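Take a look at the letters that make up each chain.
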Amino acid sequence: MTNGVRPKIFLPVVILLLFIASIAALTQGSTHVDLEVTLRVLAAKLTFHTLSGSVSKVDEVIVWLIRVPRVIVAAFVGAGLAVAGGLMQGLFRNPLAEPNIVGVGSGAVLGAVIVFLSGLTVKSALALPLAGFSGALLALATVYALATRGGITPVSTLLLSGIALAALLGAISSLLISLSIVNWQVAQEIVFWMMGGLDSRTWTHVWISAPFISLGMGFSLYYARDLDLLIQGGATAAAVGGDVELSKRAMIVMAALLTGSCVAVAGAVGFVGLIVPHVASLFVGPGHRALLPSSALVGAAFLIVCDLLARTVHPPAEIRLGIITAAFGAPFFIFLLLRKFREVSLL
């Protein structure tokens, strides 16, 4: 039943929930916009028609320039982190693995901290996401250089290298923030960004993140079969003609691309890549051909809802998105940890 009926029911339900969450996020907020007005704005913009006089300029700006790009970024970030989490949990064969396990997120954070301190964020909206993405790629290159010997990259060595580098990069970021504490405004911006958030996201952020996240998810689906084989062991994958090292490299690069792109535009949003693949696997099973796209849809809906809560729980102030995702993710992580301990004790 898991491989047949459940996915056929689960995917339409998730798509419906994603649509409902998106509409709710477009209409609700510090300023309520009627559903009819929202749909008129969307219809006019998508068909390149001029809006009628019944829709005010304020509503048009709120819906099309503020909320639509924010919802799109939330959807892409949620989907990207969820797929990256599915890749990491499959590659490391560990249900507690998450996208930052190879230090990519810490690299993105360090890149962002450096740009904040240099003042480039004031000069260009592109500076922050580009710095975060560059930091993620440099972190990945460093981890891979540390873990690879003779063209072979053991997963265990990659894991340990990633953990060590993440700790080092996190320490450097903390040092830079502590040294800049005299400039309270900049330090506050850095701390808020590190807590994750989608405030002030524009169409520029959509164009920056969407292509890279789409590319990462597309290639991840291409390697879904190889990931299923790797879970059974490298020897099994090699026996059926798979290039084990190439597959591992590709999946690590795709996970890093997804994580770096997401962190670059949303900050350090945690737990999405940890909990979403588990939820999706309950309905579609462990096969990654179904699991990865299902995780993408669930992750998109989940982060849109979390961002909506961040905007509406305590108006007019906005709770940081990372706090909301942690409120859902931390209890789930503890549940997974306790279940893993219980399984070990029964062996």
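Described below are features of the structure shown in this document. Keep in mind the model is a prediction, meaning the values are calculated, not measured.

### A word on the packing of helix 3 (residues 57-91) against helix 13 (residues 272-284)
Thought 1: It is the contact of helix 3 with helix 13, at a shortest axis distance of 7 Å, that shows an interaxial angle of 75°. When the interaxial angle is binned, helix 3 and helix 13 end up roughly perpendicular. From helix 3, G78, L81, A82, G85, G86 and Q89 reach across to helix 13, where they touch V272, G273, L274, V276, P277 and H278.
Thought 2: When its residues are assigned to classes, the contact of helix 3 with helix 13 shows six nonpolar, six polar and no charged.

### Some points on a nonpolar patch on the surface
Thought 1: Together, I9, V13, L16, L17, F19 and I20 make up a nonpolar patch on the protein surface, roughly 590 Å² of accessible area in all.
Thought 2: Within the secondary structure, L16 is located in helix 1 (residues 5-27).

### Some details on the nonpolar core
Thought 1: Ranked by internal contacts, the top residues of the largest apolar core, which has 103 residues, are V77, L87, M88, L158, I252 and I304.
Thought 2: With 17 residues, the top contributor of residues to this core is helix 3.
Thought 3: When residues no more than four places from it in sequence are discounted, the contact partners of M88 are R93, A97, E98, P99, I101, M251, I252 and A255.

### Describing the environment of R67
Thought 1: Mapped onto the fold, R67 is located in helix 3.
Thought 2: Distance from R67 to G103, taken between C-alpha atoms, is 31 Å for residues 36 residues apart in sequence.
Thought 3: When neighbours within four sequence positions are excluded, R67 is seen to be in contact with A25, L26, T27, Q28, G29, S30, T31, V33, I62 and R311.
Thought 4: At a separation of 3.0 Å, a polar atom in the side chain of R67 contacts the main-chain carbonyl oxygen of L26.

### Structural notes on helix 12 (residues 244-266)
Thought 1: An ideal rise of 1.5 Å per residue puts 33 Å on 23 residues; helix 12 measures up with 33 Å between its terminal C-alpha atoms.
Thought 2: With respect to burial, helix 12 is a largely interior element, 20 of its 23 residues being buried.
Thought 3: Residue G267 follows helix 12 closely and has a positive phi angle near 80°.

### Here we look at the pattern of salt bridges
Thought 1: Counted by the stated rule, this structure contains eight salt bridges.
Thought 2: Linking E60 and K45 is a salt bridge whose minimum nitrogen-to-oxygen distance equals 2.7 Å. Taken as a pair, E60 in helix 3 and K45 in helix 2 (residues 35-46) lie far apart in primary sequence, 15 residues in all.
Thought 3: A salt bridge links D307 to R70; the nearest nitrogen and oxygen atoms lie 2.9 Å apart. Residue D307 is found in helix 14 (residues 288-312), and its partner R70 is found in helix 3; the two are separated by 237 residues along the sequence.
Thought 4: Judged by its relative accessible area of 2%, D307 is buried.
Thought 5: Salt bridges sharing common partners tie together R70, D307, R311 and E318.

Thresholds applied
- Residues numbered from 1 in each chain as written.
- Predicted model: local features only at pLDDT ≥ 70, side-chain atom pairs only at ≥ 80, totals over all residues.
- Heavy atoms only, no water.
- Axes fitted to C-alpha atoms, helices over the stretch in contact; angles between N-to-C directions.
- Helix = DSSP H or I, 4+ residues; strand = E, 2+ residues; numbered from the N terminus.
- Parallel < 35°, antiparallel > 145°, perpendicular 65-115°, else oblique.
- Contact = heavy atoms within 4.5 Å.
- Nonpolar A, V, L, I, M, F, W, Y, C, P; charged D, E, K, R; others polar.
- Patch = residues over 30% accessible without salt bridge, like charges linked within 9 Å, V, L, I, M, F, W, Y side chains within 5 Å.
- Areas by Shrake-Rupley, 256 points an atom, 1.4 Å probe, with all protein chains shown as cover.
- Salt bridge = Lys/Arg side-chain N within 4 Å of Asp/Glu carboxyl O.
- Core = buried A, V, L, I, M, F, W, Y, C linked by side-chain atoms within 4.5 Å.
- Buried < 20%, exposed > 50% of the residue type's maximum accessible area, 1.4 Å probe, protein only.
- Polar contact = N/O pair within 3.5 Å; in protein donor to acceptor, adjacent residues only side chain to side chain.
- Expected span 1.5 Å × (residues − 1).

Function-wise, these values are silent; they only describe arrangement.
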